[in-house]
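# Breakdown of the fold
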Amino acid sequence: MIPGTEQQSLQAATLPTMQIMTVADTFVKQLEAWGVQRIYGVVGDTFLDFLDAVQRSSIRFVAVKHEGTAAFMASAEAKLTGRLGVCIATSGPGMANLMNGLGDADQDRVPVLAITGQVPTKKIGTDTKQYLDQQVFIEPLAAYSALLAAPDATVELLTKAIHTALELGAVTHLSVPKDLWAMLQTNAVRKRPQMVKGVLEFNPQDVGQAAAIMKTAKQPVVVAGLGAREAAADVVRLCETWGAGLILSLGAKGMIDENCPQLLGGIGKGGSPQASQLLKKADVVLLAGDSWWPEGYVPESARLIQIDYAAANIGTRFHVELGLVGATGQVLPELVKRLAGQEKNEQWLTYIGRQRAKWQAQVEQEATTEGTPVHPARLVRALQNTVAKDAVLCVDTGDHTVWFNRIFAGSGEQQTLFSGTWRSMGFGLPAAMACQLIEPERQVVALVGDGCLGMTLADLSTAVRYNLPITVVVVNNGNLQMETDRQIVGQHTTLGSDLTNPDFVKVAEACGLAGFRVTDSAELDKTLEQALALPGPVLVDVATLPLTFPNTSPQEG
Ligand SMILES: Cc1ncc(C[n+]2csc(CCOP(=O)(O)OP(=O)(O)O)c2C)c(N)n1
């Protein structure tokens with residue numbers, strides 16, 4: 001149907017009411033049917049009818065200051081809950097602003113639906129203001145994108161977009177021309193299908209093949225990633241049974257109690273040198289739910305086994321001898337069963353213990369460095385001392401991320417959210433706001449650099465608007481330190497990487513947050529405790545040393 005031509009005949013009075021609704025109401029009811037509770041966005045004239053429908057529904061529209069914030073919030077919601085995150089923007093510039101947050105969702109493979117208003121149908125393809133071929137624009141980031149071209153396609157397109165996002169862990173996108181929202185359509189909203197998924201039964205021979213490789217190991221190592229979050233206890237059990245060292249990738253930070261005796265920290269820039277040395281010596285490495293491995297850290301001669309729920313993730317970045325496609329929670333217990341009772345290499349375990357002691361001594365030394373300004377490691381230690389055992393930590397992108405990764409010893413119950421693969425600045429504040437909206441009772445902390453906060457500063461007032469008691473901790477070193485490090489190590493100028501910052505405490509107070517400033521490590525723990533105990537949003541600006549991160553290499557990302 002050409003939009004508009006049959007609308008007059010679709011009078012609600014003459015047709016069954018169940019079947020006749022505006023596109024906007026149908027859209028909203030279909031989102032409700034899939035359990036969507038929040039939509040993040042910035043108002044635009046291309047979806048005002050949609051907002052009216054949201055107002056009539058159970059869904060909350062979360063109005064933010066920048067569409068990038070909206071997309072990061074949707075991505076963070078998906079990262080925290082595994083459910084669909086939804087964001088909305090207007091055509092042209094609104095959509096362009098969304099893209100950074102969508103990049104984050106895409107690369108961290110979480111389900112996000114982006115909705116964008118489009119110019120009126122009769123203007124599509126013309127030179128009209130704010131027109132953009134949205135499907136072409138979003139193509140590299142979205143697993144599915146479509147333009148709603150007729151009211152009766154609403155239910156089918158939206159179901160496909162939601163379903164695809166959830167099944168693939170991907171970004172999907174729908175464009176809706178502004179004139180379509182108010183039109184009537186005739187299809188009933190579809191209930192979310194109940195999904196009964198078969199339990200993956202591994203052929204015993206195939207699991208046996210993995211166990212056989214593992215039994216050849218004299219120096220085994222497990223690398224666990226975010227994909228093993230649900231199976232953290234199984235990861236530890238496997239390491240015990242197999243006598244393996246344990247290394248966590250960045251996304252898995254906080255997933256396992258750091259008192260685990262075989263845990264040697266992380267790999268990559270924020271990791272421990274001991275973990276890298278361990279990997280160099282490893283003869284068999286099992287990757288559990290981890291497809292991220294920084295270049296230069298992949299052992300050349302070890303035999304690699306990778307467990308991942310998606311076959312597409314296996315062996316894409318490094319050579320894998322055997323891939324096991326399935327949930328870590330299903331595969332790991334099978335491996336534990338097959339390795340039970342096998343003799344462990346005590347020498348290897350002693351070596352792991354020694355390396356762990358060395359690593360812990362180094363961390364201890366850095367984390368207890370006192371003084372003014374504050375050492376970034378000391379700041380991370382203060383956070384570790386003061387945050388709740390089940391806190392959510394939203395960590396932004398910069399040297400503060402790698403200090404966090406290096407120093408923070410989690411309880412195993414905390415959840416840490418990063419812009420893991422996209423590595424965008426400006427993730428921390430939006431992510432913390434989304435997490436606090438979703439879990440109002442839980443303690444939520446954002447750890448952000450001064451450069452990162454500068455990118456999202458306007459949205460401090462969003463935390464006030466929704467009375468979100470988040471604590472924003474600013475690592476204020478006056479620099480885009482991660483890039484300054486690379487400039488210095490690569491013998492470049494430091495052009496452009498110094499920052500001209502406002503007084504963050506004054507800005508916070510002007511926005512309605514409580515503000516604290518810390519310049520000396522002696523005040524740190526006490527101030528954080530005070531800030532964390534406040535019932536409303538608070539910012540703690542910590543003056544930190546502009547240190548070049550240890551072992552920075554000019555190439556490493
Ligand atoms: C949106 C975006 N722009 C630029 C970069 C490149 N970049 C990575 S880290 C970084 C510096 C971050 O500075 P800051 O927030 O002050 O944190 P610090 O490194 O000082 O801890 C920059 C510019 C990026 N990752 N994302």
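Description of the structure in this document. Owing to the predicted nature of the structure, the values given are computational and were not obtained by experimental measurement.

### Description of the site of the ligand
Among the 18 residues in the neighbourhood of the ligand, the closest are listed as Asp 399, His 400, Arg 423, Asp 450 and Cys 452. For the ligand, an oxygen atom lies 2.8 Å from a polar atom in the backbone of Cys 452. Taking Met 482, its main chain carries an N or O atom lying 3.0 Å from an oxygen atom of the ligand. When the ligand sits alone it has 590 Å² of accessible area, and the protein chains cover 81% of it. By residue number, the principal contributor to the shell around the ligand is helix 15 (residues 450-456), which donates 4 residues. Residue composition of the shell around the ligand, by class: 5 nonpolar, 9 polar and 4 charged.

### Thoughts on helix 9 (residues 273-281)
Among the residues making up helix 9, those that are buried are Gln 274, Ala 275, Ser 276, Leu 278 and Leu 279. Packed against the buried residues of helix 9 are strand 9 (220-224), strand 10 (245-248), strand 11 (263-266), strand 12 (284-288) and helix 11 (346-367).

### Remarks on the sheet that holds strand 5 (residues 112-118)
Judged by pairing direction, the sheet is parallel, and its 6 strands sit side by side in the order 3-2-4-5-7-6 without closing on themselves. One side of each edge strand has no neighbouring strand; the edge strands of this open sheet are strand 3 (60-63) and strand 6 (142-147). Averaged over all pairs of adjacent strands, the angle between their axes in this sheet comes to 20°, without regard to strand direction. Note that strand 2 (residues 38-41) and strand 3 share 4 bridges and pair parallel.

### Brief notes about the environment of Leu 48
In this structure, Leu 48 sits in helix 2 (residues 48-55). Residue classification places Leu 48 among the partly exposed positions, given a relative accessible area of 42%. With 403 residues separating them in the primary sequence, Leu 48 and Gly 451 have C-alpha atoms 34 Å apart.

### Examining the packing of aromatic side chains
For any pair of aromatic rings, geometry is given as the distance between the ring centres together with the angle between the planes. Scanning all chains against the criterion turns up 8 aromatic pairs. Sitting over the ring of Tyr 351, Lys 281 keeps its end group 5.2 Å from the ring centre.

### Let's talk about the pairing of strand 12
Counting buried positions over the 5 residues of strand 12 gives 5, a clear majority of the element. Residues of strand 12 alternate between two faces, with Val 284, Leu 286 and Ala 288 on one and Val 285 and Leu 287 on the opposite face, all of them buried. In this structure, strand 9 lies alongside strand 12, joined through 5 bridges in parallel fashion. If you follow Ala 224 over to strand 12, its bridge partner there is Ala 288. In the sheet, strand 12 pairs with strand 13 (residues 303-308) via 5 bridges, with the strands oriented parallel. What sits directly across from Val 285, in strand 13, is Leu 304.

### Some words on the state of the cysteines
Working definition of a disulfide: a covalent bond connecting the sulfur atoms of two cysteines. Within the structure shown, the criterion is met by 0 disulfides. Cys 394 takes part in no disulfide bond, and the closest cysteine sulfur to it belongs to Cys 435, at a distance of 3.9 Å.

### Regarding the side chain of Gln 118
In this structure, Gln 118 sits in strand 5. Taking the relative accessible area as the measure of exposure, Gln 118 reaches 2% and is therefore buried. Side-chain polar atoms of Gln 118 contact the backbone oxygen of Leu 132, separated by 3.0 Å. With residues up to four places along the chain from it excluded, the contact list for Gln 118 reads Thr 46, Ser 91, Ile 124, Tyr 131, Leu 132, Gln 134, Leu 147, Ser 175, Val 176, Pro 177 and Lys 178.

The rules behind each value
Residues numbered from 1 in each chain as written. Predicted model: local features only at pLDDT ≥ 70, side-chain atom pairs only at ≥ 80, totals over all residues. Heavy atoms only, no water. Near = heavy atom within 4 Å. Polar contact = N/O pair within 3.5 Å; in protein donor to acceptor, adjacent residues only side chain to side chain. Areas by Shrake-Rupley, 256 points an atom, 1.4 Å probe, with all protein chains shown as cover. Helix = DSSP H or I, 4+ residues; strand = E, 2+ residues; numbered from the N terminus. Nonpolar A, V, L, I, M, F, W, Y, C, P; charged D, E, K, R; others polar. Buried < 20%, exposed > 50% of the residue type's maximum accessible area, 1.4 Å probe, protein only. Contact = heavy atoms within 4.5 Å. Pairing = 2+ DSSP bridges. Axes fitted to C-alpha atoms, helices over the stretch in contact; angles between N-to-C directions. Phe/Tyr/Trp six-rings, centres within 6.5 Å; stacked < 30°, edge-to-face > 60°. Lys NZ or Arg CZ within 6 Å of the ring centre and 35° of its normal. Disulfide = S-S within 2.5 Å.

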